[in-house]
Amino acid sequence: MQENQVVAKFVSKSGKQVLIRSVTRSDTTQLQEVINELSLEDTYLLVSGEQFTYIEEQQFIDMICHQMLADNYIYLVAVVDGVIAGSVSVRRLIENRTRMMHVGEVGLMLRKNFRADGIGSKLLESVINEAKKMNNMRLLRLWVFESNFHAKKLYRKYGFEICGRVPDMVLYKNEYIAEELMYLSLVSGSTSDVELNE
C-alpha cells in the first residue's frame, strides 16, 4: 500500500465529512498528539500515561511506511476537517517467519470527541477490506480488554469471534483485568471457521 491512498469517504452520523486514507510521514505530529492524548485519557490501550516524543513517533511512522510498501502493514487514518480522528492498522506477524505470515494483528484507536459517530466502525470495515487484498493474508486477530464492551460489540459486528481469555493480563485503572483474544477468518471454509472441542 502506498502512502496517502484514499480508501473511503463518508458522512458520519453527526454529519461530518470523513476521509479514510493510508498514513503519510506528514501525519507524524498529529499522530503523536493522538497517542499522547489517549495515553493520558487512560483508555483501553496498552499505554497509560506514557508520552511519546516526536522522534519516537517519526521512527514508528517511517517503519510503517516501509512495511506498507512491503505488503506487511496497513495503517489507515480517519481525517475530519484536516484533523486525524483516529486510526486502524493490520500488522503482518513477520517476526514469526513463515509460520504466521498469513496472520495480521489489528489495532484501533479513536479520539474521545469522535467516538459514537460511526467513524470507528468505518475504520474497521475499511481495514478488513484492505487486509483481504494483502498477499496470503488469511486471518486477523486482536486482543481486547474484557471490560471494553463497546469495542467487543463493534468487533463482533464485523465477524470477529472470541476464542480465548487470559485472566489478570492487563493492569487497568489499578486493577488486574482479563484480556480476550478475538479472530476473523478472511477465507471461507478454513479450519479457523470450525470450533474445536477438547
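Structure first, text after, so check above.
Anyway, here's the lowdown on the structure attached to this text.

Basis of the calculations
Within each chain, residues carry numbers counting from 1 in the order of the written sequence. With the structure being a predicted model, the display of local features is reserved for residues of pLDDT at least 70 and the display and counting of side-chain atom pairs for 80 or more, all residues being used for whole-chain, interface and lining totals. Hydrogens and water molecules were not included; the side-chain quantities draw on all heavy atoms of the structure. What is meant by a nonpolar core is a set of buried Ala, Val, Leu, Ile, Met, Phe, Trp, Tyr and Cys residues, joined one to another through side-chain atoms within 4.5 Å. Each residue is placed in one exposure class: buried if its accessible area under a 1.4 Å probe, protein chains only, is under 20% of its type's maximum, exposed if it is over 50%, and partly exposed if it falls in between. Helix numbering and strand numbering both begin at the N terminus, where a helix is a DSSP run of H or I of at least 4 residues and a strand a DSSP run of E of at least 2. Residue contacts are defined here by distance: any two heavy atoms, one from each residue, within 4.5 Å place the two residues in contact. Excluding any residue in a salt bridge, patches collect residues exceeding 30% relative accessible area, merging like charges within 9 Å and nonpolar Val, Leu, Ile, Met, Phe, Trp and Tyr side chains within 5 Å. Only the protein chains shown count as cover for residues, and the accessible areas themselves come from Shrake-Rupley with a 1.4 Å probe. Within this document, salt bridges are pairs made up of a side-chain nitrogen of Lys or Arg and a carboxyl oxygen of Asp or Glu, the two lying within 4 Å of each other. Expected helix span is computed as 1.5 Å times (number of residues minus one).

Thoughts on the nonpolar core
Note on soluble globular proteins: their nonpolar side chains tend to be buried together. Of all hydrophobic cores here, the largest spans 51 residues; its most connected members are Val23, Tyr75, Val90, Ile119, Leu124, Leu140 and Phe160. Here this core takes 8 residues from strand β3 (residues 73-80), the largest share from any one element. Excluding residues that lie within four positions of it along the chain, Ile119 makes contacts with Phe10, Ser12, Val18, Ala78, Val80, Leu110 and Phe114.

Some points on a nonpolar patch on the surface
Together, Trp143, Val166 and Met169 make up an exposed nonpolar region whose accessible area comes to about 240 Å². Within the secondary structure, Met169 is located in strand β7 (residues 161-172).

Comments concerning helix α1 (residues 28-41)
For α1, built from 14 residues, the straight-helix expectation of 20 Å at 1.5 Å per residue is met to within 8% by its first-to-last C-alpha distance of 20 Å. Every buried residue of α1 is accounted for by Thr28, Leu31, Gln32, Val34, Ile35, Asn36, Leu38 and Ser39. Where α1 is buried, its residues touch α2 (54-69), β3, β4 (83-92) and β5 (103-110). One or two positions beyond α1, positive phi appears at Asp42, with a value near 60 degrees.

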